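Working through the structure, step by step
Letter by letter, the chains look like this.
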Amino acid sequence: MHEFHLIFEKSDKNTFQPCRGIPEHLIRHNLDIPELSEPEVIRHYTELSTANFGVDTGMYPLGSCTMKYNPRFTEHLAALETNMVHPLQDVSTIQGSLHIMYLLKHYLKTICGMDDFTLQPTAGAQGEFTAMTIIKAYFNSKEDTRNEVIVPDSAHGTNPKSAAMAGFDVVEIPSDEQGYIDLEMLTSAVSEKTAALMLTNPNTLGLFDKNILKIADIVHGAGGLLFYDGANLNGIIGKTRPGDMGFDCMNLNLHKTFAAPHGGGGPGSGPVGVKKHLAQFLPSPTVEYDGEKYYLEYDRPLSVGKMNHFYGNYPVMVKSLGYIMRLGSGGLRRIAEFAVLNSNYMVSRLSNTYDIKNVHIPRKHEAVFSALRQKKFDVSALDIAKRLIDYGVHPPTIYFPLIVKEALMIEPTETESKESIDRYCDILINIYKEIGQDAEVVRTAPHNAVVGRLDEVFAARNLILRWSPAE
């Protein structure tokens, strides 16, 4: 195994010569920076870059994150000189940029079946929080004191947190045996306190809830609203729309569904769409058009206020608009078709070696397997994920959703070929065979990575985020 060193560990000490002509009281004699030449620094960081893994390196099936390939032409669009504008410019000088934002809003309304959108939130979770804030403002305007938000146990972890941050009490309900919303539990959970139900459809098991219209009737019948978590939109885009399912508001992840790079905390964009009865509560300003010019609308008395600085993550908007226009309606439908085809092909390859509940139910964009069978050999989902690294591929999401024990949550995405999915499945099947022959190899993986098995508990409890000189 090649041994990597920190740049500080490669550095000699006290090689710098004092600069001439600088007053003595301004000279620092102890400066904790690497003392390396320019070629040494360049080689260090180039070496580090070869140890990285990204979607440009190989399949990155991080379940529910939609880590798909992002076409390069969108980068070109975002880097055009005409997009180099400043948010404080007068609107008369940025009509083209406002046109881009207005057109993106128009397409998102059409794709999602919503009546209006804000582009301000810069992350999916911030979009969720914005939607919850809008729902709070809606009921406050009606002097309705509803304070509960229902969240299924299959929801993304950010859902209950977003509801709680907006001031709601979270009511969790279990899924039924097949992984759908339990209608009896939902009926018993709704009341005059119910402000909303937060729902991901397809959910984190990759299942499309066939009872969505009944669910909408139950929640609306109790006076509540429906929020749609759009993180899994690539499983249905072009086939059905949240607005047609009865949802009142939703968030999107432009950095997932519409091919802007993401990961590592950004840069993202999480627009929020609403039906007419919630439009007046959208964050201000919104981008509007009066028939002659585009403008920013600040006069919104019931607005929840600004949710971000200026107008949102503009470069991501440019990339996503270019992606939508390049694919057109037919291309967007094929996103869902390939995402679903790839996911179900993977299930057909792996269901004999890794447990998956209700295998007869078709998945949408992703599937969740369980490593419980492998647990009998004292091998965990974490061990399997680490062993995948030895084969040069990225592990899937593990231990989520929480309702599946030893979960391996795999989303191949629509941009992977049959060959790359076959390679990934072959590796997982081979690891299954290894467990039967010599489980220790899997339990102690990775063996071929830059670093071996890390002490994750120690790392989580002792946050060392930068190098410090040894005392």
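The structure under discussion appears in the preceding block.
It should be emphasised that the depicted structure is a prediction, and the values quoted were computed from it without experimental measurement. (Residues numbered from 1 in each chain as written. Predicted model: local features only at pLDDT ≥ 70, side-chain atom pairs only at ≥ 80, totals over all residues. Heavy atoms only, no water.)

**Thoughts on the state of the cysteines**
Disulfide: a covalent bond formed between the sulfur atoms of two cysteine residues. Operational definition: Cysteine sulfurs are considered disulfide-paired once they come within 2.5 Å of each other. Partly exposed residues are those whose accessible area sits between 20% and 50% of the maximum for their type, while under 20% is buried and over 50% is exposed, using a 1.4 Å probe and protein chains only.
This structure, assessed with the given rule, holds zero disulfides. Between Cys-249, a free cysteine, and Cys-112, which holds the nearest cysteine sulfur, the sulfur-to-sulfur gap is 12 Å. The thiol of Cys-425 is not disulfide-bonded; the next cysteine sulfur, from Cys-65, is found 19 Å away. For Cys-425, a relative accessible area of 0% puts it in the buried group.

**Here we look at the sheet that holds strand β6 (residues 249-251)**
The condition is simple: Here, a strand pair is defined by DSSP locating no fewer than two bridges between the strands. Strands are runs of DSSP state E lasting at least two residues, helices are runs of H or I lasting at least four, and both sets are numbered from the N terminus onward. Working convention: axes come from line fits to C-alpha atoms, limited for helices to the stretch in contact. Angles between N-to-C directions cover 0 to 180 degrees. In what follows, a contact means two residues having at least one pair of non-hydrogen atoms within 4.5 Å.
A sheet is described by the order of its strands in space; here seven strands give the open sequence β1-β7-β6-β5-β4-β2-β3, paired in mixed fashion. Unpaired on one side and paired on the other, β1 (116-118) and β3 (169-173) mark the two borders of the sheet. Pairwise comparison of adjacent strand axes, ignoring direction, gives a mean angle of 20° for this sheet. Those strands touched by helix α3 (residues 95-112) are β1 and β6, and its axis lies near 125° from that of β1.

**What to know about the pairing of strand β2 (residues 148-152)**
Heads up, the condition is: Handedness of a crossover is defined as follows: orient the strands so they point away from the viewer, and if the path from the first strand over the helix to the second runs clockwise, the crossover is right-handed.
Taking burial as the measure, the five residues of β2 include five buried ones, the bulk of the element. Burial along β2 is two-sided: Glu-148, Ile-150 and Pro-152 facing one way and Val-149 and Val-151 facing the other are all buried. As defined by bridge partners, β2 adjoins β3 across five bridges and the pair is classed as parallel. Along β3, the bridge assignment pairs Ile-150 with Val-171. The parallel pair β2 and β3 is bridged by helix α5 (residues 158-165), and the resulting crossover is right-handed. Here β2 pairs with strand β4 (residues 194-199) via three bridges, running parallel.

**Observations concerning a nonpolar patch on the surface**
Where we set the bar: Like charges are joined within 9 Å and nonpolar side chains (Val, Leu, Ile, Met, Phe, Trp, Tyr) within 5 Å, but only among residues with over 30% relative accessible area and no salt bridge; these make up the patches. Accessible areas in this description were obtained via Shrake-Rupley with a 1.4 Å probe; residue shielding takes into account the shown protein chains only. A side-chain nitrogen of Lys or Arg and a carboxyl oxygen of Asp or Glu constitute a salt bridge if their distance falls within 4 Å.
Taken together, Phe-16, Leu-31 and Ile-33 make up a surface patch of nonpolar side chains, about 250 Å² in accessible area. In this fold, Ile-33 is placed in the segment before α1 (38-50). On the accessibility criterion, Ile-33 (38% relative accessible area) is partly exposed.

**A closer look at the layout of surface pockets**
Worth spelling out the cut-off: Only protein atoms enter the 1 Å grid, on which a cavity is a set of points fitting a 1.4 Å probe that cannot get out and a pocket is an open set with protein on both sides within 12 Å along at least 5 of 7 lines, lining residues being those with an atom within 4 Å of a point. Grid points are joined across faces, edges and corners, and a volume is the space filled by probe spheres set on the points. When residue character is reported, Ala, Val, Leu, Ile, Met, Phe, Trp, Tyr, Cys and Pro are called nonpolar, Asp, Glu, Lys and Arg charged, and the others, Gly included, polar.
Space inside the largest pocket adds up to approximately 710 Å³. As for the largest pocket, its lining consists of 22 residues, and the residues nearest its centre are Ala-51, Phe-53, Ile-389, Pro-395 and Ala-449. The biggest single contributor to the lining of the largest pocket is helix α13 (residues 381-390), with three residues. Tallied by class, the residues present in the lining of the largest pocket amount to 14 nonpolar, seven polar and one charged.

**Examining the pattern of salt bridges**
All told, the structure shown has 21 salt bridges when counted by the stated rule. Note that Lys-10 is salt-bridged to Glu-47, the shortest N-O span being 3.4 Å. Highlighted residues: Lys-10 in the segment before α1 and Glu-47 in helix α1, separated in sequence by 37 residues. For Lys-10, a relative accessible area of 33% gives the class partly exposed. Overall, the relative accessible area of 23% leaves Glu-47 in the partly exposed class. The closest approach of N and O atoms between Glu-337 and Lys-239, which form a salt bridge, is 2.6 Å. With Glu-337 in helix α11 (residues 314-350) and Lys-239 in the loop between β5 (225-229) and α8 (242-245), this residue pair connects regions lying 98 residues apart in the sequence.

**Some details on α3**
Stated precisely, the cut-off is as follows: An expected span of 1.5 Å times one less than the residue number is assigned to each helix.
Spanning 18 residues, α3 covers 26 Å between terminal C-alpha atoms, matching the ideal 26 Å at 1.5 Å per step. Every buried residue of α3 is accounted for by Ser-97, Leu-98, Ile-100, Met-101, Leu-103, Leu-104, Lys-105, Leu-108, Ile-111 and Cys-112. At the exit of α3 stands Gly-113, carrying a positive phi of roughly 75°.

**A closer look at the sheet that holds strand β12 (residues 407-410)**
Strand order across the open sheet formed by three strands is β10-β12-β11, with antiparallel pairing between neighbours. Of all the strands in the sheet, the pair left with one neighbour each is β10 (367-370) and β11 (397-398). In this sheet, β12 lies alongside β11 in antiparallel orientation, the contact comprising two bridges. If you follow Ile-398 over to β12, its bridge partner there is Leu-408.

**Remarks on the environment of Pro-412**
For Pro-412, the position within the fold is in the loop between β12 and α14 (418-443). On the accessibility criterion, Pro-412 (2% relative accessible area) is buried. Expressed as a C-alpha distance, the spacing of Pro-412 and Ile-27, which sit 385 residues apart in the sequence, is 56 Å. Not counting the four nearest positions on each side in its chain, Pro-412 is found in contact with Met-59, Pro-61, Asn-342, Ser-343, Met-346, His-365 and Ile-421.

**Quick word on the nonpolar core**
Counted only if it meets this: Note on terminology: a nonpolar core comprises buried Ala, Val, Leu, Ile, Met, Phe, Trp, Tyr and Cys residues joined through side-chain atoms within 4.5 Å.
Membership of the largest hydrophobic core comes to 53 residues, with the highest contact counts inside it found for Leu-108, Leu-186 and Phe-258. Here this core gets ten residues from one element, more than from any other, and that element is α11. Apart from the residues within four sequence positions on either side, Phe-258 is in contact with Leu-108, Ile-111, Leu-233, Ile-237, Leu-252, Asn-253, Ser-320, Tyr-323, Ile-324 and Leu-332. Judged by nonpolar contacts, the second largest core, of 26 residues, contains Val-347, Ala-371, Ile-384 and Ile-431.

**Here's the deal with the packing of aromatic side chains**
Remark: the centre distance and the inter-plane angle together describe each pair of aromatic rings, the angle taken between the planes. The condition is simple: Paired rings are identified among Phe, Tyr and Trp, the last through its six-membered ring, by centres lying within 6.5 Å, and are further divided according to the angle between planes into stacked (under 30 degrees), edge-to-face (over 60) and tilted (the rest). Note on criteria: charge over ring means Lys NZ or Arg CZ within 6 Å of the ring centre, with the direction from the centre no more than 35 degrees off the ring normal.
As enumerated under the stated definition, the model contains nine aromatic pairs in all. Chaining the aromatic ring pairs together yields one cluster made of Tyr-102, Tyr-289 and Tyr-294. Taking the ring centre of Phe-168 as reference, the NZ or CZ of Lys-136 above it sits at 4.5 Å. The ring centre of Phe-73 lies 4.4 Å from the NZ or CZ of Arg-326, which sits over that ring.

**Observations concerning empty space enclosed by the protein**
What the rule picks out here adds up to two cavities of 30 Å³ or more. At the level of elements, α3, β1 and β8 (286-289) are the ones that each hand at least two residues to the lining of the largest cavity. Approximately 50 Å³ is the volume found for the second largest cavity. Along the lines of polarity and charge, the residues of the lining of the second largest cavity split into five nonpolar, five polar and one charged.

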